[in-house]
Amino acid sequence: VCSSDLFASVLSGPAVIALAVAVRNLMRARQSRTWPTVEGTIVEAQVVARNKGSRAKIVYRYRVAGTDYEGTRVVIGGQWDTNHDGAAKVVGRFPQGSTAKVALDPADPAYSVLVPGVGFQQVLTVIVCTIILLATLPVLWAFTHLGAAA
């Protein structure tokens, strides 16, 4: 394996993987709009401080066909860190002890979400991952073509 091939793999590999995961999350979020829903109970809702902001920690329980499940997914693709007020807004929407509709993947009822559908976060993640991947292409081209000529 040539060093330029290794460099290309190291540079573009993570970008390709991140884009694939982002596209998969976007497609699953789109599909979630038509998933069946069940009534769930919010068993934990709190704002958690993190290194670069805050995040809402929401834990909910629901039952499907006699089996109990526990979920933590508010949106597909996960929540981004935000300021305290943003996280508190999510906690306010799903306060502990309240009930909420839980959308679940009909093929895998353990996979659930409180806010089904595509949101800004999923679209922006795909855009950012695409930009990062496209930004690596000129570097890869220069390294593989100009490096090979040297």
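Not measured: the values here are computed from a predicted model.

Peer 1: Is there a simple way to explain the overall build of the chain in this structure?
Peer 2: Scanning the chain from terminus to terminus reveals three helices and five strands. Counted from the first residue to the last, the chain has its helices and strands arranged as α-β-β-β-α-β-β-α. For the chain, buried positions account for 31% of its 150 residues. When contacts within the chain are restricted to residue pairs at least 6 apart in sequence, long-range pairs at least 24 apart make up 70% of them. Surface exposure of the chain reaches about 9200 Å², of which carbon and sulfur atoms provide 62%.

Peer 1: Help me understand the sheet that holds strand β4 (residues 99-105), please; the structure alone is not making it clear to me.
Peer 2: Hydrogen bonds along the backbone pair up the strands of a sheet, which may run parallel or antiparallel. Taken together, five strands build an open sheet; the order of strands is β3-β2-β1-β4-β5 and the sheet is antiparallel. Looking at which strands have only one partner, the edges of the open sheet turn out to be β3 (67-71) and β5 (108-113). Going from strand to strand, the sheet's axes swing by 40° on average, the running direction of each strand aside. Note that strand β2 (residues 53-64) and β3 share five bridges and pair antiparallel. Bridge pairing in β3 links R61 to E70.

Peer 1: Help me understand the packing of aromatic side chains in this model?
Peer 2: Both the distance between ring centres and the angle between the ring planes are used here to describe each pair of aromatic rings. Enumeration according to the criterion identifies three aromatic pairs in this entry. Geometrically, the ring pair formed by W35 and Y111 is edge-to-face, given 6.0 Å between the ring centres and 85° between the ring planes. Taken as a pair, W35 in the loop between α1 (3-32) and β1 (37-50) and Y111 in strand β5 lie far apart in primary sequence, 76 residues in all. For W35, a relative accessible area of 9% translates into the label buried. A ring pair is formed by Y62 and Y69, whose centres lie 5.4 Å apart and whose planes are at 20°; its orientation type is stacked. Using a relative accessible area of 2% as the deciding quantity, one classes Y62 as buried. For R73, the ring lying beneath its charged end belongs to Y111, and the centroid distance is 3.7 Å.

Peer 1: Got a minute to help me understand the nonpolar core in this structure?
Peer 2: Within soluble globular proteins, side chains that are nonpolar tend to cluster in buried spots. Core analysis: the biggest nonpolar cluster contains 16 residues, and I42, I58, Y60, Y62, V74, F94 and L114 have the highest contact counts within it. Counting residues per element, the ones that place at least two in this core are β1, β2, α2 (84-93) and β4. It is β2 that provides the largest number of residues to this core, a total of five residues. Not counting chain neighbours up to four residues away, the residues in contact with F94 comprise I42, A45, I58, V74, A100, L114 and V115.

Peer 1: Is there a simple way to think about the side chain of N25 in this case?
Peer 2: Here N25 lies in helix α1. Once you skip the residues sitting within four places of it in the chain, N25 turns out to touch I76 and G77.

Peer 1: Hey, could you run me through a nonpolar patch on the surface in this one?
Peer 2: Taken together, the side chains of V118, V123, I127 and I131 define a hydrophobic patch exposed on the protein surface, amounting to about 320 Å² of accessible area. By relative accessible area, V123 is classed as partly exposed at 37%.

Peer 1: Could you clarify how one ought to interpret the pairing of β4 in this entry?
Peer 2: Both faces of the sheet carry side chains from a regular strand, because those side chains alternate between them. Among the seven residues in β4, five count as buried, and that is most of the element. Looking at chain direction, β1 and β4 are connected through five bridges and run antiparallel. Bridged to T37 within β4 is A103. Across three bridges, β4 lies against β5 in antiparallel orientation. Within the sheet, the bridge partner assigned to D105 lies in β5 and is D108. Hairpin connection between β4 and β5: a loop of two residues separates the two successive antiparallel strands.

The rules we used
- Residues numbered from 1 in each chain as written.
- Predicted model: local features only at pLDDT ≥ 70, side-chain atom pairs only at ≥ 80, totals over all residues.
- Heavy atoms only, no water.
- Helix = DSSP H or I, 4+ residues; strand = E, 2+ residues; numbered from the N terminus.
- Buried < 20%, exposed > 50% of the residue type's maximum accessible area, 1.4 Å probe, protein only.
- Contact = heavy atoms within 4.5 Å.
- Areas by Shrake-Rupley, 256 points an atom, 1.4 Å probe, with all protein chains shown as cover.
- Pairing = 2+ DSSP bridges.
- Axes fitted to C-alpha atoms, helices over the stretch in contact; angles between N-to-C directions.
- Phe/Tyr/Trp six-rings, centres within 6.5 Å; stacked < 30°, edge-to-face > 60°.
- Lys NZ or Arg CZ within 6 Å of the ring centre and 35° of its normal.
- Core = buried A, V, L, I, M, F, W, Y, C linked by side-chain atoms within 4.5 Å.
- Patch = residues over 30% accessible without salt bridge, like charges linked within 9 Å, V, L, I, M, F, W, Y side chains within 5 Å.
- Salt bridge = Lys/Arg side-chain N within 4 Å of Asp/Glu carboxyl O.

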